[in-house]
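Summary of structural features
Next come the chains, spelled out residue by residue.
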Amino acid sequence: MNPRNPLNFSGGPAALPESVLHLVQQSIVEVPEVGLSILGISHRTDWFAAVITELENNIRTLLGLSGEYHVLLLQGGATQQFSTVPMTLLRGKHIPAEYLHTGYWSGKAIPEARREGPVRVIWSGERDGFSRLPNDEELPFSADAPYIHYVSNETVEGLQFHRVLGRDDVPRICDMSSDFLSEPCAANKFALIYAHAQKNIGPAGVTVVLIRDSLLEGMPVDLPGFLDYRSHIKAHSNFNTPPVFAIYVVLLVTRWLMYEVGGLSRMAEINRNKAALLYALVDGSNGFYRGRANPADRSLMNVSFNLPTPELERRFLAESLAAGFSGLSGHRAIGGIRASIYNGLTFPAVEKLAGFMEDFLHRMAKTDCLAK
Ligand SMILES: *Cc1c(COP(=O)(O)O)cnc(C)c1O
C-alpha cells in the first residue's frame, strides 16, 4: 500500500479503509465468488441483485431504519438531489419550503429549489461568514411548510449540527453527504435523507437516498422516469444500468463498518477521538492555528482552520505534502486548511498529522514567523 494513502485528508472523494482497498483491488481482477472482474459483471445477474439487497439491509441495520423507508442507490450525486427533492415535493406548491443557509453546500441547494417553487430561507449564516450554526430560538419553522431542508455537516466550513432540527409534523429532508454513517443518527425522524458515497462510504458515482413511503403520496406523475423516485423503488435501484462498481465498494464499506469496526456507535467514538485530538491542538496553539467554526458547532468530519498569514498557510501545505500528507488545502471557495477525517481515516493517521502540526508550530515560533 502506498504510504500516502493512509494520510489522505482529502475533502472528497476521500480515503477508504485499507482492508476495503485490498478487497477492491482483488475484485477488479476477480470477485472471488463470481470468477469475473467487478468491472464486467452484468447488473442483471442474481449476484448483483444480492449485492443490492445486502447493501440495503446493511444500511437498514446500521441506522435502525424502520420498514416504512425505501433505500435507493441513485446516480447524479447530491447535486441531483438538490433538484429532485423540490421537483418531487415543491412543484406547483404555493407555501414555501423552508431551507437553512448554513454554508457552501446548503447554498447550492437553495437556487435549485427556487426553480421549482417558493422557498423561504429561515436562517442564513452568511453575515457571520458561515462561522456558526443557529440555535433553536433562531429557527422559526412553520407548521404548514411542504418540507424543511438542511445540510447536517457543512463540509467546506467544517460546521456540523449535533442535533436533529425541525418539527415532527413537517417532513425533514437532510443532505448528509459528508457525515452519513459516521455516527448513529435518528434516521427515522427524517422523511428523506440523501448522501453520496464519496466522503464517508465509498467512491463517487452512487448516492444513497432513504425515503419514507408516505412522502411519495401526491407527488407529480409527469416527472422524467429517471428522476422519479418511484421508478427506482419499483426497479429495486436497477432502473437502468447502475454504477455496479461503486455500489459494490459501498457494500464492502458497510461490511467493514458492521464486522470490523463494530457498528456506528464504535465508529462515532473513533471519529470523536480523531476530531478531539485536532481541535485540542488548535485550541492549545495560542492562536497560531485558528479554528473557523464556533466551537459548539465544530464538525467531527472536517477540521477547517487558518494560520496567521496566507504565506504560512502555503508553507504549511507545501511542507505537509513533502511529509507525506495529502488533501489538506481548504476548499477552493474559502481557502485555508481543512483536514477531512472521515470514517476511512484512522486515529494513528490523525496522530501523525497532530505531530506534524505541533512540530510546524514550534519551528515557526522559533523562526519568529509569528512576529507579524
Ligand atoms: C460534497 C458535497 C456535495 C456535492 O455532492 P456531489 O455528489 O458532488 O453533487 C453536496 N452536499 C454536501 C454536504 C457535500 O459535502
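See the structure shown above.
All values derive from a computational prediction rather than experimental measurement. (Residues numbered from 1 in each chain as written. Predicted model: local features only at pLDDT ≥ 70, side-chain atom pairs only at ≥ 80, totals over all residues. Heavy atoms only, no water.)

Regarding its fold elements, the protein presents nine helices and twelve strands. For a compact globule of 372 residues, the expected C-alpha radius of gyration is about 21 Å, and the protein comes in at 21 Å, within 12% of that figure. Its C-alpha atoms put the protein at 65 × 55 × 30 Å along the principal axes. Looking at the protein residue by residue over its 372 residues, the buried ones come to 54%. The contacts of the protein with a sequence gap of at least 6 include a subset with a gap of at least 24, amounting to 67%. Positive and negative side-chain charges in the protein, numbering 34 and 38 respectively, have mean positions lying 4 Å apart. (Helix = DSSP H or I, 4+ residues; strand = E, 2+ residues; numbered from the N terminus. Rg over C-alpha atoms; globule rule 2.2 N^0.38 Å. Buried < 20%, exposed > 50% of the residue type's maximum accessible area, 1.4 Å probe, protein only. Contact = heavy atoms within 4.5 Å. Lys, Arg positive; Asp, Glu negative; His and termini not counted. Charge placed at Lys NZ, Arg CZ, Asp CG, Glu CD.)

For the pair helix α2 (residues 46–63) and helix α6 (residues 244–261), the least separation of the axes is 9 Å and the interaxial angle reads 40°. On the basis of their axis angle, the class for α2 and α6 is oblique. Seen from above, α2 lies across α6 with left-handed handedness. Every residue of α6 that contacts α2 at W47, F48, V51, E54, L55, N58, I59, T61 and L62 is listed here: V244, I247, Y248, V250, L251, T254, R255, L257, M258 and Y259. (Axes fitted to C-alpha atoms, helices over the stretch in contact; angles between N-to-C directions. Parallel < 35°, antiparallel > 145°, perpendicular 65-115°, else oblique. Left-handed = near helix turned anticlockwise from the far one by under 90°.)

All right, on to the site of the ligand then. Taken together, the neighbourhood of the ligand is formed by 14 residues, with T79, T155, D175, H196 and K199 sitting nearest. Between T155 and the ligand, the recorded distance is 2.4 Å, taken from a side-chain N or O atom to an oxygen atom. Contact distances for the ligand include 2.6 Å between an oxygen atom and a side-chain N or O atom of H196. In the complex, the protein chains occlude 87% of the 390 Å² of accessible area that the ligand would expose alone. (Near = heavy atom within 4 Å. Polar contact = N/O pair within 3.5 Å; in protein donor to acceptor, adjacent residues only side chain to side chain. Areas by Shrake-Rupley, 256 points an atom, 1.4 Å probe, with all protein chains shown as cover.)

Further remarks concern the environment of G218. When you line up the elements, G218 lands in the loop between β9 (207–212) and α5 (229–234). Each C-alpha atom, one on G218 and one on P140, is 26 Å from the other, the two residues being 78 residues apart in sequence.

Here the focus is the packing of α6 against helix α7 (residues 264–283). Look at α6 against α7: their axes get within 9 Å of each other, and the N-to-C directions meet at 90°. Here α6 is positioned roughly perpendicular relative to α7, judged by the angle of their axes. Taking contact as the criterion, the partners of W256, L257 and V261 in α6 are, on α7, L264, R266, M267 and I270. Of the residues in the contact of α6 with α7, the class split is six nonpolar, no polar and one charged. (Nonpolar A, V, L, I, M, F, W, Y, C, P; charged D, E, K, R; others polar.)

Shape is all these values report; function is a separate question.
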